[in-house]
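Reading the structure
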Amino acid sequence: QVQLVESGGGSVQAGGSLRLSCAASGIIFSINHMHWYRQAPGKQRELVARITSGGNTNYADSVKGRFTVSRDNVKNTVYLQMNSLEPEDTATYYCNARRVGSIGSGSWGQGTQVTVSS
């Protein structure tokens, strides 16, 4: 059974930092592309960052230069380091795992709330 468990969310002031973690189990982590999505109230879920099985990364324009995604294939964990947080970053952040070559939506975590106050 696949499980993705996010942690590290919380409330910070603008300009602050948070580090999200997503611990995976029930999958062969190293052959999964890992993604961080977020969804703010009343808005669609959007892709924030992606790290492939090979370690290549992509970011939404809105977070480039502020967020960094990384993975530890020994700990089966993906991270999202978020710096210079802005109120617009307030959302529920979700971890997603998609096996290499899969065309499905993959597996999702339950989400962790990030709230940034001005």
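Above this text sits the structure in question.
The sections below set out a description of the structure shown in this document.

1. Here we look at the state of the cysteines
In the structure shown here, the tally under the stated rule is 1 disulfide. Across a sulfur-sulfur distance of 2.1 Å, Cys22 and Cys95 are joined as a disulfide pair. Taking the sign of the torsion about the S-S bond as the criterion, the disulfide between Cys22 and Cys95, at about -80°, is left-handed. Within this pair, whereas Cys22 is found in strand β3 (residues 18-25), its partner Cys95 is found in strand β9 (residues 91-99), the two being separated by 73 residues in sequence. You'll find Cys22 and Cys95 in the same group, each marked buried.

2. Concerning the pattern of salt bridges
Evaluated as defined, the whole model comprises 5 salt bridges. Notably, a salt bridge pairs Glu46 with Arg38, separated by 2.7 Å at the nearest N-O pair. By relative accessible area, Glu46 is classed as partly exposed at 33%. In this structure, Arg38 engages Asp89 in a salt bridge whose closest nitrogen and oxygen atoms are separated by 2.9 Å.

3. Quick word on the packing of aromatic side chains
Taken as a whole and assessed by the stated rule, the structure comprises 1 aromatic pair. Each ring, one from Tyr37 and one from Trp108, has its centre 4.9 Å from the other, and the planes form 55°; the classification is tilted. Taken together, the residues Tyr37 in strand β4 (residues 32-39) and Trp108 in strand β10 (residues 107-108) connect sequence positions 71 residues apart. On the basis of relative accessible area, Trp108 is assigned to the partly exposed category, the value being 33%. The ring of Tyr94 is capped by Arg45, whose NZ or CZ atom sits 3.8 Å from the centre of that ring.

4. Observations regarding the pairing of β4
Burial of β4 is extensive: 7 of the 8 residues sit out of reach of the surface. Two strands pair when backbone bridges link them, and β4 and β9 are joined in this way by 8 bridges, in the antiparallel orientation. Looking at the pairing, Gln39 lines up with Thr92 of β9. Across 5 bridges, β4 lies against strand β5 (residues 46-51) in antiparallel orientation. Following the sheet pairing, Arg38 is matched in β5 by Glu46. Counted between consecutive antiparallel strands, the loop separating β4 from β5 contains 6 residues, among which Gly42 sits at a positive phi close to 80°.

5. Notes on the environment of Thr92
By the element assignment, Thr92 lies in strand β9. Sequence spacing of Thr92 and Gly9 is 83 residues, and the spatial spacing of their C-alpha atoms is 8.6 Å. Among the polar contacts made by the side chain of Thr92, one reaches the side chain of Gln113 at a distance of 2.9 Å.

Reading the values: the criteria
- Residues numbered from 1 in each chain as written.
- Predicted model: local features only at pLDDT ≥ 70, side-chain atom pairs only at ≥ 80, totals over all residues.
- Heavy atoms only, no water.
- Disulfide = S-S within 2.5 Å.
- Helix = DSSP H or I, 4+ residues; strand = E, 2+ residues; numbered from the N terminus.
- Buried < 20%, exposed > 50% of the residue type's maximum accessible area, 1.4 Å probe, protein only.
- Salt bridge = Lys/Arg side-chain N within 4 Å of Asp/Glu carboxyl O.
- Phe/Tyr/Trp six-rings, centres within 6.5 Å; stacked < 30°, edge-to-face > 60°.
- Lys NZ or Arg CZ within 6 Å of the ring centre and 35° of its normal.
- Pairing = 2+ DSSP bridges.
- Polar contact = N/O pair within 3.5 Å; in protein donor to acceptor, adjacent residues only side chain to side chain.

By themselves these figures say nothing about function.
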